[in-house]
Each structure stands twice: as C-alpha cells, then as structure tokens.
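Analysis of the macromolecular model
One letter stands for each residue in the lines below.
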Amino acid sequence: MRVVQFRRSRVMKFSLLGLLCLACLLVTVRQYKGDTWAGLVRLGSSTSRGEESGQEQVQAAVRQAHVSHTGVKPDFLGQGVKGNYEPVAYSGGSGPGENGQAYHLKEDQKREEQKLKGVYGFNQLVSDEISLNRTVPDTREEECRYWDYPADLPTASVILVFHNEGWSTLLRTVHSIINRSPPQFLHEVVLVDDKSELEHLHERLEQQLQKPYYAKVKLVRNQEREGLIRARNNGAVAATGEVVVFLDAHCEVAYNWLPPLLAPIYEDRTTLSVPVIDGINWDDFSIKPVYAKGSHSRGIFEWGMLYKEGTLPAKEAAKSSHHSEPYNAPTHAGGLFAIDRTWFEELGWYDSGLWVWGAENFELSFKVWMCGGRSVWVPCSRVSHVYRGHSCSSCHSGSLANKFAGVPTTLRNYKRVIETWFDEEYKEYFYTREPLARLIDMGDISEQLKLKRREELQEFRLVYERGCL
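Residues numbered from 1 in each chain as written. Predicted model: local features only at pLDDT ≥ 70, side-chain atom pairs only at ≥ 80, totals over all residues. Heavy atoms only, no water.

**Focus: the state of the cysteines**
Spelled out, the test is: Criterion for a disulfide: a pair of cysteine sulfur atoms within 2.5 Å. Helix and strand labels come from DSSP, where a helix needs a run of H or I of at least four residues and a strand needs a run of E of at least two; each type is numbered from the N terminus.
Enumeration according to the criterion identifies one disulfide in this entry. Two residues share a disulfide in this structure: cysteine 144 and cysteine 380, whose sulfurs sit 2.1 Å from each other. What sets the handedness of the cysteine 144 and cysteine 380 disulfide is the S-S torsion sign, and at about -85° it is left-handed. With cysteine 144 in the loop between helix 5 (124-129) and strand 4 (147-148) and cysteine 380 in strand 16 (residues 374-386), the pair connects residues that are 236 residues apart, well separated along the chain.

Listed below in structure tokens is the structure:
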C-alpha cells in the first residue's frame, strides 16, 4: 500500500528532523519486539507527505498501549443538564436535505438520476445536491444529552475504506467526522482506497485533500485490489491514533458521537464498542432511525453463521442504571465499530487469510470475548449509513474474481473462523447447516491457532453458556 500525505509546508522541517529521528530509532528499536518493526515496514513507500509519514512511522514504532481506567465511567448529570461535549444547537439550515430531510430532484433531472443510480447503487445525484456540511437529526434518546465524559479519552483514527465511491458521499462522511468530533480526540481520518477506477478518486481527490480543512486526513492507496478485510488491516497499520474507528465511506456521524464510543474503551482497553446505526434512504437521502424508539437491539448469530439481531434480554438490561448506557452484545454487523489499536494488533488484526468480505465480524467478536475482552453497543453514539437499494456497475469485484477461482469466499471465511475458534462439538452445528463447507479448502490457519494457544483463552463453550456469545 502507498500512503499519500499533503503537508508540504513541513517538508523542510521534517527533512532536517528525519536524520535525527532515524538515528534515534536505530538506537531504540532494539528495545521493541521484532513484529513492531515488521509492522512499520508494511507501511510501504510514500509520496508527497513522505517526510511526515516517516515521522509517523517512528511514532508507530514507539507507541505505548493505552491504559485502562478501571471503574471510571461517564457521569450522568441529571435531566436537563447538558453534558460537556454536547453541541450548542442540534439542527438548522434550509437547503436541500438539511436536518436529514428527504430531497427530490426536478423532472428534467430524471435521466441523469437513473444513470447514476446504476453506477453507485444509490441516488448519487440527490447526494451531490446536498451540502457536504448538512445538519442531521438528533435520533438519540433524550437522556444521551446529559452525560459528562472523561476529558482525557484516547485519540481516534477513523478509517474509511472505499472502492469507486461517489464524490459527495465520501466527502460528506469525512466532513461529518471533522465537524462533529471534538478535535482533541480526533487524531486523523485515514482514507484507504482499495484500487478505485473512477477518475474523480485519483488526482482530483489528492488535490482536494491539500486544502487546509483536510489537514487531519491521510490517504492510503492499495497497490492492488485487496477487498474490505485486508484493506481495513492496511488502514489500521497506517493509523497512529490510540483507537481505530471503522466506518463505511457513505455514512454521516451524529451529534456527540465520538466520546460515548471511546468511553467504554477508556474504562477497559479490551472493549470493542459499536455505535447504533440509523438509515440514510438510498433514494432521497433522508435520515431516520432503524430501531424502534426506546428499544435496545444487539448482534447475535445462528449456527449457519447468519448474522441476526435480537432484543436485549431483560437480565442484561437490568445491569444498567440508565437506559442509555452501553450494554454487552455477542457480535455486531461488522461495518462500524471502535477498538483500541494496540489491542487489535495483539489480537492479530483481522485474520489476513479471510478473503474479501464476510465472517470478519464473527472472527473479531469471538476473539474479543474468548481473549478476555468484551463487546458493547453504545446507544448514545449514532451513525447514519446508506444501504444500497440498486444494482451498481461500480460495485463489481474486478480483479478479485480472478484471484479466488470461483471459490465461495464467504463460506470459506466461515470455515476458517469455525475451525479456529469453535470447540469440536459446536463445529458440527455449523457443518450440519453448511455441509458444502466440509469440501472447501480454507487455507492455512496455523497462525490463528498459534494466537489461540498464546492467549489465555476461555473455551468457546464457557463463553457461549455464560451468554456472551
């Protein structure tokens, strides 16, 4: 992968500092594990922001793990008392799509509208007419406005993987992150281009990111098409914040979304935290809640590895003092979550043997729970997401189809996860549902099994029977 950066005013400064930093690194690097240096090399060569990238590589080599603050939780201030990171106002504006309202095109735009739907899978022309800085509705329950969060939360690198993404949907995601995140906690936004072909995502994007507004945005380009899972790994390796937050490239974060997502990780660094997802309508780009008001859902799974969601059990709900507090969840949909970067690395990132997309949410959830961590859903962190409602020419698999020779990649991924993390008796539940999986070559899982042996793992059976999975 190639890291592209754009702060040219610092070129001379970092050129002079670079030799000193490298000399210091040669002296100190022997103190660190060999795999830390290997991870640094994986960043690859860089251009344009090369000098600063070199400094970031040195920072990555000496990065210390974020420390848990056991028992330190946000404070509920009481009804009507606004929390420390709440905005002054929650809506405003009268332009197209403001406050998450539906927007409809004129009749003479219908032809272009249909054309772009066929390219992107959603109404790109509607998106293009909505401001990159539009306001959004506050879909949280009212109680969420009355929490104070710690002032020293860990810093976040927000990672967006994209392939042939629409211009306005990509940049509106970036703008919403910059506009609605406390700057002291937003370390950077890492854009990972998984070998896009559309013209606007090359030189035009690089020129756009040179503007001062995008000073915290870093662009990483994969040298070949990798698929979502490996592209996210590349983003995590390139990131330099204490926490990595993964979002899709067609999202809009809501008010005060980041502190509630970071707070569970601040308390316990082995926490994976998940925001509640609202829906952006693919046709008119209106924003509405996906879940019923006042309800709590969480990710679960069935033995054929079908992802499902169910209502939070009463015994879990009873553990909370306030309805808006985070709660335990066996798994998550996979698209949007936050995790301590060093913990993610200790868990082996995503299994790099997983292909393209699928099962990575289960793999990470099982690893987190069985390695002594936890997974929580966070009601006060809301992120809106566009679900495609149309076939799209830009969504093709491209060169990935040639790599895998017709193997059903998702089923293969499931088998890797099952053979690594399930106890023998539970494996049979999966194979009963998916007998074809017995015949699929899942590749080498020796590294995954090595991780399993290295960690003080709880058996799948015990974690499952305790209700965590």
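Having seen the model, we can carry on.
**Describing unusual backbone geometry**
Quick note on the threshold: When a residue's accessible area, from a 1.4 Å probe over protein chains only, is under 20% of the maximum for its type it is buried; when over 50% it is exposed; and in between it is partly exposed.
Here the phi dihedral of asparagine 256 falls at roughly 50°; this positive angle occurs in a residue that is not glycine. When you line up the elements, asparagine 256 lands in the loop between strand 9 (251-253) and helix 9 (258-267). On the basis of relative accessibility, which here comes to 4%, the residue asparagine 256 falls in the buried class. For alanine 359, which is not a glycine, the phi torsion comes out positive at approximately 80°. Structurally, alanine 359 is set in the loop between helix 11 (341-346) and helix 12 (360-370).

**Observations concerning the pattern of salt bridges**
Let me state the cut-off plainly: What counts as a salt bridge is simple: a side-chain nitrogen of Lys or Arg found within 4 Å of a carboxyl oxygen of Asp or Glu.
Using the criterion set out here, one finds 26 salt bridges in the structure. As a salt-bridge pair, aspartate 138 and arginine 140 come within 2.8 Å of each other at their nearest N and O atoms. According to the relative accessible area criterion, arginine 140 is buried, its value standing at 7%. Linked through salt bridges whose partners overlap, the residues forming this network are Glu86, Asp138, Arg140 and Arg145.

**Describing helix 9**
Going by this rule: By the convention used here, residues are in contact when the closest approach between their heavy atoms is within 4.5 Å.
In terms of residue burial, helix 9 counts as a mostly covered element, since ten of its ten residues are buried. Inspection of helix 9 places Leu258, Pro259, Pro260, Leu261, Leu262, Ala263, Pro264, Ile265, Tyr266 and Glu267 among the buried residues, and these make up the whole buried set. Structurally, helix 9 contributes buried residues whose contacts are with strand 5 (156-162), strand 6 (186-193), strand 8 (243-248), strand 10 (271-280), strand 15 (337-340) and strand 16.

**Looking at the nonpolar core**
Put simply, the test is: What makes a nonpolar core is a set of buried Ala, Val, Leu, Ile, Met, Phe, Trp, Tyr and Cys residues whose side-chain atoms join them at distances within 4.5 Å.
Counting 51 residues, the largest nonpolar core has Ile339, Phe344, Leu364 and Phe366 as the members making the most contacts within it. For this core, the element with the most residues is helix 12, which contributes six residues. Among the nonpolar cores identified, the runner-up in size contains 44 residues, and Val158, Trp167, Ile177 and Val245 belong to it.

**Observations regarding the environment of histidine 322**
Checked against the element boundaries, histidine 322 lands in the loop between helix 10 (314-317) and strand 14 (327-328). For histidine 322, a relative accessible area of 24% gives the class partly exposed. Apart from residues lying up to four places away in sequence, histidine 322 is in contact with Phe76, Glu143 and Trp147.

**Some remarks on the environment of leucine 439**
Topologically, leucine 439 is positioned in the loop between helix 15 (424-433) and helix 16 (446-454). Since its relative accessible area comes to 72%, leucine 439 is described here as exposed. Separated by 27 residues in sequence, leucine 439 and arginine 412 have C-alpha atoms that sit 9.7 Å apart.

**Some points on the side chain of glutamate 143**
Applicable threshold: Two N or O atoms form a polar contact when they lie within 3.5 Å of each other; inside protein one atom must be a possible hydrogen donor and the other a possible acceptor, and for residues adjacent in sequence the pair counts only when both atoms belong to side chains.
Turning to its location among the elements, glutamate 143 is positioned in the loop between helix 5 and strand 4. A distance of 3.2 Å separates the side chain of glutamate 143 from the backbone nitrogen of histidine 323, its partner in a polar contact. If sequence neighbours within four positions are ignored, glutamate 143 has contacts with Phe76, His322, His323 and Ser324.

**Focus: the side chain of lysine 367**
Along the chain, lysine 367 falls in helix 12. Reaching out from lysine 367, the side chain makes a polar contact with the backbone oxygen of leucine 347 at a distance of 2.7 Å. Discounting chain neighbours no more than four positions away, the residues touching lysine 367 are Leu347, Gly348, Trp349, Tyr350, Asp351, Trp421 and Leu451.

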